[in-house]
Amino acid sequence: MKPSLSIRLAMAAAAAAVLSTSAPARAADTTYPSKPITVIVPFGAGGVADALPRIVGQKLNEMWGVPVVIENRPGASGNLGMAQVARAPADGYTLGLAPAGNLTVNPLLYTNLTFDTARDFAPVTLVATSPNILVVNPAVPARDFKEFVAYAKSKPGKLNYASPGAGTGAHLAGELLNQSADVSLMHIPYNGMAPAVTDVVAGNVDMMFAGVSTVLPFIRSGKLRALAVAGPRRLPQLPDVPTVAESGYPGFDVTSWYGIVAPAKTPKDILSKLQQDINTVLKQDAVRKKFEDLGVEPADTTTEAFATMIRDESRKWADIVKTAGIKPIQ
């Protein structure tokens, strides 16, 4: 028996009501982002690596209307946090703040990584760069980079340099200097940047490479002498300090950088939106001022350019690690 006309009309109205209420829900599910995004920082709270995603995340929250949550997951030189990003669903709702070393150097030094940086991450965009500065204790009789190289050559194996640990950017910068200038500086690793800087200031170690925000107060107070910027151009905070390239060693570049990555296989349209929106935020004056206060420069690059940068830097440091004979870390 067919249902009556009134029953059929009621059924049609009910179906229409269901469709009208469910359609917006499906549309919301396909609009990215529609829920909180987590950015995993592979280091503890505090410091540049922690501050950058908080600054950018706040502005993205204002743009998107969804929270951007910063989750600190320190351990194993950043490898624990990066492993968590690699294992996350590839839906754009878990991202990682990746310092340069975690993508380019750690894969060369750690034999027990549970992820492959080339296979398990999708580059999103570069966020900030910060060239290192070569600083010496004032007792070192060198007023500029050329004088320092000449002094180091006159004392092979006698001068030393500090770093916050084996395999860190400061360590590899010293090895690059050894290879580029044909000098023989001895590496003194510390457990962190603070004790390394303290011993250079105290004169227990001759020199080191460090980020501008770390050593600028000591440079201004005269406790450290800045000899050269290990980056492509001079720093606005130290306009009178030339680059290593200006000092006769073209191509010498030890720039720390920070980027955003997503799990591999994250949809390309999501990667594109993230790249575009993050770069929009990085152009804001308020963001640029906060970055300047941290001693970093906001970046402006495409996803493809960032991927190329990771590959090029990985090859560069692989050669330096091999030549220096740096042993893998178990």
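The shown structure was predicted, so the numbers you read here are calculated from the model rather than taken from an experiment. One numbering rule holds for all chains: residues counted from 1, following each sequence as written. The model is predicted, so local features are restricted to residues of pLDDT at least 70 and side-chain atom pairs to those at 80 or more, both for listing and for counting; the totals for chains, interfaces and linings are taken over all residues. With hydrogens and water set aside, each side-chain value is computed from the structure's full complement of heavy atoms.

1. Here's the deal with unusual backbone geometry
The linkage connecting Y32 with the following residue, P33, adopts the cis geometry, with an omega of -5°. Turning to its location among the elements, P33 is positioned in the loop between helix 1 (5-29) and strand 1 (37-41). You will see that S77, though not glycine, has its phi angle at about 55°, which is positive. Within the secondary structure, S77 sits in the loop between strand 2 (68-72) and helix 3 (79-87). A positive phi angle, close to 75°, is found at K265, a residue other than glycine. Among the structural elements, K265 can be located in the loop between strand 9 (255-263) and helix 11 (268-282). Working definition: helices are DSSP H or I runs of at least four residues, strands are E runs of at least two. Numbering for both runs from the N terminus.

2. Describing the pattern of salt bridges
Take a side-chain nitrogen of Lys or Arg and a carboxyl oxygen of Asp or Glu: if they are within 4 Å of each other, that pair is a salt bridge. Taken as a whole and assessed by the stated rule, the structure comprises 10 salt bridges. Across the pair K273 and D277 runs a salt bridge whose closest N-O atoms are separated by 2.9 Å. Taken together, the residues K273 and D277, both in helix 11 and 4 residues apart, mark about one turn of the helix. Three exposure classes are used, based on accessible area relative to the maximum for each residue type with a 1.4 Å probe and protein chains only: buried under 20%, partly exposed in between, and exposed over 50%. On the basis of relative accessibility, which here comes to 11%, the residue D277 falls in the buried class. The salt bridge partner of K283 is D300, with a shortest N-O separation of 3.4 Å.

3. Details of empty space enclosed by the protein
For cavity detection a 1 Å grid was placed over the protein atoms alone, and a set of points counts as a cavity when a 1.4 Å probe fits there but cannot get out; an open set counts as a pocket when protein lies on both sides within 12 Å along at least five of seven lines, with lining residues being those that have an atom within 4 Å of a point. Grid points are joined across faces, edges and corners, and a volume is the space filled by probe spheres set on the points. In total, this model carries 1 cavity of 30 Å³ or more according to the counting rule given. If you add up the space inside the largest cavity, you get close to 80 Å³. If you go around the largest cavity, the residues you meet are I37, V39, P53, V56, G57, L60, W64, V68, L95, I260, L274 and I278. For the lining of the largest cavity, the elements supplying multiple residues, two or more each, are strand 1, helix 2 (48-64) and helix 11. Ranked by residue count, the leading element in the lining of the largest cavity is helix 2, at 5 residues. Under this grouping Gly is polar, as are all residues other than the nonpolar Ala, Val, Leu, Ile, Met, Phe, Trp, Tyr, Cys and Pro and the charged Asp, Glu, Lys and Arg. Its residues placed into classes, the lining of the largest cavity shows 11 nonpolar, 1 polar and no charged.

4. Section: helix 2
Multiplying one less than the number of residues by 1.5 Å gives the expected span of a helix. Taking 1.5 Å as the rise per residue, helix 2 with 17 residues should run 24 Å; its terminal C-alpha atoms sit 24 Å apart, in good agreement. Looking only at helix 2, the buried set comprises V48, A49, D50, L52, P53, I55, V56, G57, K59, L60 and W64. In the stretch just after helix 2, G65 is the one whose phi turns positive, near 80°.

5. Considerations on the domain arrangement of the protein chain
For the protein chain, the assigned domains are domain 1 (37-129 + 256-324) and domain 2 (131-247). With centres defined by C-alpha atoms, the gap from domain 1 to domain 2 works out at 26 Å. With 15 residues of domain 1 at the contact, the number on the domain 2 side is 12 residues. The largest per-residue losses of area from domain 1 upon contact with domain 2 belong to E297, W317 and I320, which jointly make up 37% of the total buried on that side. In this structure, the connection of domain 1 to domain 2 is made through 1 salt bridge. We note a salt bridge from R233 to E297, for which the minimum N-O separation is 2.8 Å. Each domain span listed reflects an automatic or database assignment of domains. Contacts: residue pairs with any heavy atoms within 4.5 Å of one another. By buried area we mean how much accessible surface two parts lose on assembly, using a 1.4 Å probe and totalling the loss over both.

6. A closer look at the packing of aromatic side chains
Each aromatic ring pair is specified by the distance between its two centres and by the angle formed by the two planes. The pairing test for Phe, Tyr and Trp rings, Trp by its six-membered ring, is centres within 6.5 Å, and the orientation test on the planes gives stacked under 30 degrees, edge-to-face over 60, and tilted for anything in between. Tallied over the full model, the rule gives 6 aromatic pairs. Centroid distance Y32 to Y93: 5.1 Å. Interplanar angle 65°. Geometry classified as edge-to-face. Taken as a pair, Y32 in the loop between helix 1 and strand 1 and Y93 in the loop between helix 3 and strand 3 (94-99) lie far apart in primary sequence, 61 residues in all. You'll find Y32 and Y93 in the same group, each marked buried.

7. Some details on the environment of T301
Secondary-structure assignment places T301 in the loop between strand 10 (297-298) and helix 13 (303-324). Its relative accessible area of 16% is what places T301 among the buried residues. With 16 residues separating them in the primary sequence, T301 and W317 have C-alpha atoms 22 Å apart. Excluding anything up to four places from it in sequence, T301 contacts T125, L126, Q275, N279 and F306.

8. Re helix 3
Taken across its 9 residues, helix 3 has 7 buried, putting it largely inside the fold. Those residues of helix 3 that fall on the buried side of the exposure criterion are N79, G81, M82, A83, Q84, V85 and A86.

9. A closer look at the layout of surface pockets
The gaps of empty space that remain are located by a probe, the size of a water molecule, rolled over the atoms. In this structure, the largest pocket spans a volume of roughly 1300 Å³. Here the lining of the largest pocket is built from residues that sort into 22 nonpolar, 20 polar and 4 charged. Each of two domains, domain 1 (37-129 + 256-324) and domain 2 (131-247), supplies a minimum of three residues to the lining of the largest pocket. Taken as a whole, the second largest pocket holds about 310 Å³ of empty space. Contributing to the lining of the second largest pocket are 16 residues, with L103, D116, T117, A118 and I310 lying nearest its centre. Elements with a contribution of two residues or more to the lining of the second largest pocket: helix 4 (100-104), helix 5 (106-109), helix 6 (117-120), strand 4 (121-136) and helix 13.

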